[in-house]
Amino acid sequence: MVSVAHPFMDVESCRSYIDELYSPDEQKCLDAIVSLKNSVIGSNRQKGSVIAQGVVTRLTQLLQNISIPTEIRIEAAVTLGSLAKGTESHVKQLIDFGIAPLLLSCILSNDDTKLTDVCLRCACSIFSHPQAPYGLIFREQQTVSHLLKLAMQSVSNQICVTTILSASCKTLEHQMLLCDQGAIYTLAALLCSPHYSVLMPTLNCIANLAYQNSNVSAIIATASFGGVSVPDLLVGLMSRDRPSEMQLASAKCLTYIHRAGAISAEDSKILYKTLPCLVVLCKKDHTCEERVVAAETIAYLTEVNTDLQRLASISNQLIPTLANMLHSQTEANNNNNVHLDPCVIADMKQAAFRAFASLGANDEDIRKRIIETERLMEEVVCGLEDPNDKVRLAAVRCLHSLSRSVQQLRTTFLDHSVWKPLMGVLQGASDDLLSVASSTLCNLLLEFSPAKEPILESGGVDLLCSLTHRPDPALRLNGVWALMNMAFQADQKVKSQILHKLGTEQIFRLLSDSEVNVLMKTLGLLRNLLSTKPHIDQIMALHGIQIMQAVTLILDSNHSADVKEQALCILGNIGDGDTAKEFIMSREDILNKIQEYMTHSNVKLQIAAIFCISNLVWKEENGAAERQAKLKEMGVYRLLQQLIMTSDSLLFDNDVLKQKLIEISKEGVED
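Throughout, a residue's number is its position along its own chain's written sequence, starting from 1. This being a predicted model, a pLDDT of at least 70 is required before a residue's local features are given, and a value of 80 or more before pairs of side-chain atoms are given or counted; all residues contribute to the totals for chains, interfaces and linings. Hydrogens and water molecules were not included; the side-chain quantities draw on all heavy atoms of the structure.

Within an unreviewed UniProt entry, the label attached to the protein chain reads Armadillo repeat-containing protein 8, and the organism entered is Nezara viridula.

Spelled out as C-alpha cells, the structure:
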C-alpha cells in the first residue's frame, strides 16, 4: 500500500527522499516517489528543479523495470506525467530524455490497465508538444491499431488517444496509415460521445485526417455511425446550442472535407451550415482566438470558389466584421478599455487579411466593396510595413487579390501609393513573401497602371532582373512576367535598360528554363521589347544575332505549339522593322522554317507564320520587291494561293487573316 507522503517538500532542501529513490528497499523507493510526486504537483518551479537534478533518468529506469512491483512503476509514470504538465521547456527536456518511446513500449507491452492508463495520459502530454517524436506513432502499424483499441475502453483513453493521433498526424503517409487502420470509423463513433473533452480532440483529429487528402476525405464523407453519416454528425455539432469552439472545430472539418473534393460547394452542409457558422464566429462577441480561426477557415473555404466568395461577402455583414478585426485594439478600447496582447492583434490582422484575399480573388464587385470599406486600404498599407512577418505576408496577399481590379489600380491604389511600401517589402524578403509581393508588382506594372513610372524610378528593373536569377521557379517567373509587363508599350530608354540589366546571356538561360511558364513569359518579354519599328531596328542592331539564335533554338526544339507560336510571333515583330527584316531574309534556314509552319497541322502556328510573311513582303516598305522575288522563288506565293483555296474553317474563322492572305498574295507576281 502506498504510504502517506510528505506534502509539498522543497526538492532542493530534501535530498533524503531523492536519495531513497535509488534504495534497494522497495517500500522506501515507493515512499520517495510518492513524496516526489506530491512535491511537484502544481509547481513549475519544483518540476524544473526535479528535472535539473537528473531524477527523470531514475524514474524512467523504474518505469521500464518489469521485475519490480507494478505499484512502483505506476507511481513513476504518474510522476513523469505530472512533470509533463509543466512548461513547454519541461516537456522538451523529458522528450530529450527519451521518455516517448519508453511510454509507447509500456502502453503496447504491459497487461496492467492502470499502468497503461497513466502511461497513456503522460504520452498525451508528451505528444502535444510541437517537437514530439511523432514518427514513433507510425513506425509500426500495431502502435496505431493498439491505440485505437484502447480508445474504446474508457473516456480517459478516448481523450488521450484522439489527442495523440491528432497531434501526430502530420503527413499524407500518416493520414493514409490511420485511415487503413480504421481510425475513421473509431472517430465516427466518438462523434456521438456526450463528453466535450472527447469531442474536441476527435474533431481535431478528423480535420487533420481530411486536410488536403482527397482519398481520406472521400472515406470520411461516406463513413457513418448509428445510421448517421459523419458530415451529418458534424452538422449536428455546429448547432447553436453547442459550445462555440465545438461549432468552429466541426465547421473546420467540413471545410477541409469540401476543399479535398469530397463535398461540393453547392451542398447545403457547406452553403447553409458551414459558411454561416463561420461568419457568425467572426463576430466580436466571440473570443479573439475563435475569431482568428473562423476567419482563416473562411479564407480557406472560399479561396477557389467564386460562388462561395460571393455568398460569403454578403453574409451577415462579414466584410465590416473582418474590417473590425483589423481595428481590434481600437475596438477593444471602445468596448472595455482592454489592452490586447500584440501577438493577438497580429493574429487578428493576419486572419482578416487572408479572408479578404480569398473573398476578392475573382469578383470585381467584391473587390470594390472591400476597398471602399472605411480605413481598409490604410490598414493594408500599414500591414505591408508591419514588423510581424505573417501579418506582412497576409497583407501582401490581400493587396495581390485587390490589385486584380483595373479600376482600383487607376484610383485607390494611386491615391494610397501602395507601390512604395510594396517596394520596401521586396527588399530582403523571404521567398514566400517575395513570391506574393512580386506577383502583386506584376499587376502594378500593367500598361494602364499609374504606378508603373514610379516603380521604374525606384529601381524596379534592377530588382526584377535579380529575381530572374533566383533558384525558385516562382520567383523567376514573376521576375520575367513583371519585366514583360514593364516592357509593354514602353519607351526605348526603358527597353534598353531592361536589355542592358538582364543581358542576352540571362535571356538565353531563361529560354532554356525547365519551367515552361518561365520560357513563355521570356518569349513574351522579347515580343514586347521588339515592338515599334524604331525600337525593333535599334534592338536588333545591338542584339540581333543573339536574338535570332534564341528564336532558332526554340523553333528547332520539341517544345509545344504554344511555345513555338510565341517564337514565330517574335519573328513577325522582327519582320515589322525596317532594317531588322534582313535578319530574317538573310537566313534561308529561318525562311524555310517559316514556310514549313505555314502548312503546319496546328492552325495557331499557321497564323503566326503567315503574319510573319505578311510583314516581310509589305509593298510600301523599302526593298519589298527584292523580298517578294526571293519568297516567290522559294514557292511562298504558290503556298499562299493554296491556303486561300483551303477549306479549313478554323483557318478562316479569322477574318483579318483571310484578308491578310488575299492582300499579301497579290503582292507578288502570280504563277
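A. Helix 12 (residues 172-180), seen in detail. Think of it in three bands: residues with accessible area under 20% of the maximum for their type are buried, residues over 50% are exposed, and the middle band is partly exposed, with areas taken using a 1.4 Å probe on protein chains only. Each helix corresponds to a stretch of at least 4 residues labelled H or I by DSSP, and each strand to a stretch of at least 2 residues labelled E; elements are numbered beginning at the N terminus. Where helix 12 is concerned, the buried positions are His174, Gln175, Leu177, Leu178 and Cys179. The contact criterion used is simple: two residues touch if any of their non-hydrogen atoms lie within 4.5 Å. Its buried side turned inward, helix 12 meets helix 9 (135-139), helix 10 (141-150), helix 11 (155-168), helix 13 (183-190), helix 14 (196-210) and helix 15 (214-222).

B. Examining empty space enclosed by the protein more closely. The rule is simple: put a 1 Å grid over the protein atoms alone, call a set of points where a 1.4 Å probe fits but cannot get out a cavity, call an open set with protein on both sides within 12 Å along at least five of seven lines a pocket, and count a residue as lining if it has an atom within 4 Å of a point. Grid points are joined across faces, edges and corners, and a volume is the space filled by probe spheres set on the points. By the definition in use, this model includes two cavities of 30 Å³ or more. A volume near 40 Å³ is recorded for the largest cavity. Around the largest cavity sit Thr504, Ile507, Phe508, Leu526, Gln546, Ile547 and Ala550, which together line it. Secondary structure elements with two or more residues in the lining of the largest cavity: helix 35 (504-511) and helix 37 (533-555). Any residue outside Ala, Val, Leu, Ile, Met, Phe, Trp, Tyr, Cys, Pro, Asp, Glu, Lys and Arg is labelled polar, Gly included; the first ten of those are nonpolar and the last four are charged. Across the lining of the largest cavity, the residue classes break down as five nonpolar, two polar and no charged. Elements represented by at least two residues in the lining of the second largest cavity include exactly helix 13 and helix 14. If you tally residues by element for the lining of the second largest cavity, the top one is helix 13, at three residues. In terms of residue class, the lining of the second largest cavity is made up of seven nonpolar, no polar and no charged.

C. Local environment of the layout of surface pockets. Empty space within the largest pocket amounts to approximately 610 Å³. If you go around the largest pocket, you meet 22 residues; those closest to its centre are Ala299, Tyr300, Glu303, Arg354 and Ser358. Considered class by class, the residues forming the lining of the largest pocket number 10 nonpolar, five polar and seven charged.

D. The arrangement of the packing of aromatic side chains in detail. Two rings from Phe, Tyr or Trp (for Trp, the six-membered ring) form a pair when their centres are within 6.5 Å of each other. A pair whose planes differ by under 30 degrees is stacked, one over 60 is edge-to-face, and the rest are tilted. Here the structure, examined in full by the defined rule, presents three aromatic pairs. Taking 4.9 Å as the distance between ring centres and 55° as the angle between the ring planes, the aromatic pair formed by Tyr211 and Tyr256 counts as tilted. Placement of the pair is Tyr211 in the loop between helix 14 and helix 15 and Tyr256 in helix 17 (residues 244-259), with a sequence separation of 45 residues. On the basis of an interplanar angle of 40° and a centroid distance of 5.7 Å, the ring pair of Tyr211 and Tyr300 is categorised as tilted. Residue Tyr211 is located in the loop between helix 14 and helix 15, and its partner Tyr300 is located in helix 19 (residues 288-302); the two are separated by 89 residues in the primary sequence. The partly exposed category is assigned to Tyr211, whose relative accessible area is 35%. You can call Tyr300 buried: its relative accessible area is 12%. Through pairs of rings, three or more aromatic residues link up here, namely Tyr211, Tyr256 and Tyr300. Placement of a charge over a ring requires the Lys NZ or Arg CZ to be within 6 Å of the ring centre, with the centre-to-atom vector within 35 degrees of the ring normal. The ring centre of Tyr300 lies 4.3 Å from the NZ or CZ of Arg259, which sits over that ring. The ring of Trp481 has Lys521 lying over it, and the distance from NZ or CZ to the ring centre is 4.0 Å.

E. Seen up close, the nonpolar core. Ile126, Phe127, Leu571, Ile574 and Ile584 are the most contacted members of the largest nonpolar core, which totals 231 residues. The leading source of residues in this core is helix 23 (residues 342-359), at 10 residues. Beyond its immediate chain neighbours, meaning those up to four positions away, Ile126 contacts Ala84, Val91, Leu94, Ile95, Ile99, Ala100, Leu103 and Ala132. What is meant by a nonpolar core is a set of buried Ala, Val, Leu, Ile, Met, Phe, Trp, Tyr and Cys residues, joined one to another through side-chain atoms within 4.5 Å.

F. Here's a closer look at helix 43 (residues 636-644). Of all the positions in helix 43, only Val636, Tyr637, Leu639, Leu640 and Leu643 are classed as buried. In a view along the axis of helix 43, the buried residues occupy a sector of 155°, so they form one face of it. Each direction from the helix axis to a C-beta atom contributes to the arc, which is the arc of those directions.

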